[in-house]
Each structure stands twice: as C-alpha cells, then as structure tokens.
Amino acid sequence: MSLTRLGGIATAGRRALTVSTLCATLALAVPALAATDAAVPDGPLVDAAWLAKNLDNPKVRVFEVSVDPGVYERGHIPGAVNISWHSDLVDPVKRDIVSAEAFETLLEKAGVDKDTTIILYGDNNNWFAAWGGWVFNQYGLGERVKLLDGGRKYWEKQALPLDTKAPSYAKTDITLPPAKPELRARLVNVLEVVDGKKGAVIVDIRSADEFSGKLFAPEGSKELSIRAGHVPGAKNVTWSKAVDAETGKFKSKEELKKLYAEAGVDGSKPIIVYCRIGERSSHTWYALSRILGYDVKNYDGSWTEYGNSVGVPVVNLAGTVWQGK
C-alpha cells in the first residue's frame, strides 16, 4: 500500500475521532444545559424543584417580597432580588401603587428584559408576594409572572439553598406593555354593587373577627379605620383557607373551587375582593383570578378606605364602637 493511501486512512481516522469526541462532549453537555434551561411550566405557579434547577437560568429572574423586615438579609433564594413592598411597590407620597416609570426602573435594575420569566416568592405563605404579583399583573406582565408555590416556607422546608449575598445584574431597557386597570376596583365600584347598580360578588377575605366587627384590625396593625364591620352583602372566606397549612402551597383547583363555591363564589359573576389595605386580598385575587380563571378585581383601598368613608353603609354584627385608640 502506498504512503499516500496510508496517509489518507490516518487523516480519515483522525477526523472520525474528532467527530466522535465532539459528539460525546455534546452528549454530556446537553443534559447539563437542559437542567438549567428547562421549559417554563404553564400556569401561574412554579414548584421548588423546577426553580432549584433554574437558579442560573439567565431568562429567569427571582424576586422576594416578604412582609417581615430582615428576612431577605438573613438568607434568600440565590440570585433573588429584594423588593420592599412598602416602598418599592407603592407611590411614596399619595396612596397608590408604584408609578409605571418607577416600576420600569425597578425592573431594569434587576436585569429584566422583554422575555424574562419573573418568579415571586415571600414569607407568610406568599402573602405579600401575591400583592407583588397583582402589581406586576396591573402593569401587563401577566403570563410572565409566576408565584413560587409554597414560598419561603416550602423552600426552607425542603432544605434548599439560601444566600445572604445581594445580586447585581446588568441594567436593561424595558418598556412596559399596556396596563390593566380592569384588575383594580375603586370605592365607587364597590358602592355600585352595594346599591344594586352592578351585579358582582364581594368577598371579604379578613378574619371572622374583623368581618363581624369584633376587631378593627389585626393586633399590631397601624393602618386603621374608625368603623368596624364589613361591606353589606360581602361573603367571608379568610385568605389563608386557600393554602395548605403544612406546606404553604395553594390547595388544588378542585379544592379551591369547592371552598369558594360553598360561600357562593363560583365565577358566574364578576368578583371584587378586599381586606384591610389590599395585600391579603391580593392572595385571594391570585387564587380566584390566576388559578381558577374567574373575573376578579382587587379593591386595594379595602377597609381602611371603606371604613373611613363618610356615609357609606356598614354591617357591624359585633356592634363595636371606636374608642379613639
């Protein structure tokens, strides 16, 4: 055999080895890539297992919205950006949600772009994370926003990683889609239902004692009204009944439908939910609107607006009278 022929065989062999090595390398790399770039689950929730695999996914941004101060600093999901609900999600002067301009700045600093999937979580069974979810939905981000089912409670229960380092991301340039004011109820909308001018179901998601008028507000609350009780005709389904007490996860769709249907809330009519300042009712809004698909508005003025309004009708079953303290 000629040297030319032998050289051709040797070259072909080297090429075959190179291709073989490359294929083997890709075979090892693809599963690793899939583990950090898994398809985003459909629906308004993601589970802890999926998020744990996607902490390094550049198309996923995690935000913590907790009610208790210092929780984030003591340890948070790696890469999560802290949102302070009482300053980042509200207007600093008037009583209102954050402006579109300030909200865009918040998102840009966190590195959110036009195709980022946004995951929200927090303490207390995602109480204020759901409030954040409602604000994000107000600004048209809708299907891109998901709650981590179970929030901090379930993440910690599974002994998943926590970090104390605040992340830093490259600033982006984002333009918010059209807002959705139809997700929000105003006092006038509530009064239209009370007066019989509009057909809707009003759901008071506060505790039974707040609903009856026995309590003006939960212990330690600073935002108060000078009248106790509830909006006439309102149904009372405490917000926390929508979650499993052990895990903090939302109950199944079937369980949620049954829970609210037993109170006369079945999605056949538009729904308005309220609480004291609109945060607990955001959790119920998330359950009824995002999970069950009902037509729901959150009345974020809630009882601190309604119970302080002059001349509006109130039902006070307990007969409690405000004593000025």
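Residues numbered from 1 in each chain as written. Predicted model: local features only at pLDDT ≥ 70, side-chain atom pairs only at ≥ 80, totals over all residues. Heavy atoms only, no water.

(A) Quick look at the packing of aromatic side chains. Overall, the coordinates contain eleven aromatic pairs when judged by the stated rule. An angle of 35 degrees between the planes, with centres 4.3 Å apart, marks the rings of Trp 85 and Phe 128 as tilted. Taken as a pair, Trp 85 in helix 4 (residues 85–88) and Phe 128 in helix 6 (residues 123–138) lie far apart in primary sequence, 43 residues in all. Looking at Trp 85, the relative accessible area reads 17%, which means it is buried. (Phe/Tyr/Trp six-rings, centres within 6.5 Å; stacked < 30°, edge-to-face > 60°. Helix = DSSP H or I, 4+ residues; strand = E, 2+ residues; numbered from the N terminus. Buried < 20%, exposed > 50% of the residue type's maximum accessible area, 1.4 Å probe, protein only.)

(B) The arrangement of the packing of helix 6 against helix 11 (residues 280–291) in detail. It is the contact of helix 6 with helix 11, at a shortest axis distance of 7 Å, that shows an interaxial angle of 65 degrees. One element, helix 6, and the other, helix 11, form an angle in the roughly perpendicular class. Considering only the axes of helix 6 and helix 11, their crossing is left-handed. Within the contact between the two elements, helix 6 uses Asn 125, Asn 126, Trp 127, Ala 130, Trp 131, Trp 134 and Asn 137 and helix 11 uses Arg 280, Ser 282, His 283, Trp 285 and Arg 290. Of the residues that constitute the contact of helix 6 with helix 11, the class distribution is five nonpolar, five polar and two charged. (Axes fitted to C-alpha atoms, helices over the stretch in contact; angles between N-to-C directions. Parallel < 35°, antiparallel > 145°, perpendicular 65-115°, else oblique. Left-handed = near helix turned anticlockwise from the far one by under 90°. Contact = heavy atoms within 4.5 Å. Nonpolar A, V, L, I, M, F, W, Y, C, P; charged D, E, K, R; others polar.)

(C) Highlighting the pairing of strand 8 (residues 271–274). The alternating pattern of strand 8 places Ile 271 and Val 273 on one face and Ile 272 and Tyr 274 on the opposite face, and all of these are buried. Alignment of strand 6 (residues 201–204) against strand 8, held across four bridges, turns out to be parallel. Within strand 8, the residue paired with Val 201 across the bridge is Ile 271. The parallel pair strand 8 and strand 9 (residues 296–298), bridged by helix 11, forms a crossover whose chirality is right-handed. (Pairing = 2+ DSSP bridges. Right-handed = clockwise from strand over helix to strand, strands pointing away.)

(D) Broad picture of the sheet that holds strand 4 (residues 117–121). Pairing in this open sheet of five strands is parallel, and the strands run 1-5-4-2-3 from one edge to the other. Each having just a single partner strand, strand 1 (45–46) and strand 3 (81–82) make up the two edges of the open sheet. Bridge count between strand 4 and strand 5 (residues 145–148): three bridges; the pairing is parallel. Note on strand 5: the bridge partner recorded for Leu 120 is Leu 147. Strand contacts of helix 11: strand 1 and strand 5, with the helix running at about 125 degrees to strand 5, the strand carrying the most contacts.

(E) Highlighting helix 11. Taking 1.5 Å of rise per residue, the twelve residues of helix 11 would be expected to cover 16 Å, and the 16 Å separating its terminal C-alpha atoms lies within 8% of that figure. Across the twelve residues that make up helix 11, a large majority, twelve, are buried. Taken together, the buried positions of helix 11 are Arg 280, Ser 281, Ser 282, His 283, Thr 284, Trp 285, Tyr 286, Ala 287, Leu 288, Ser 289, Arg 290 and Ile 291. Among the residues trailing helix 11, Gly 293 stands out with phi positive, at a value near 80 degrees. (Expected span 1.5 Å × (residues − 1).)

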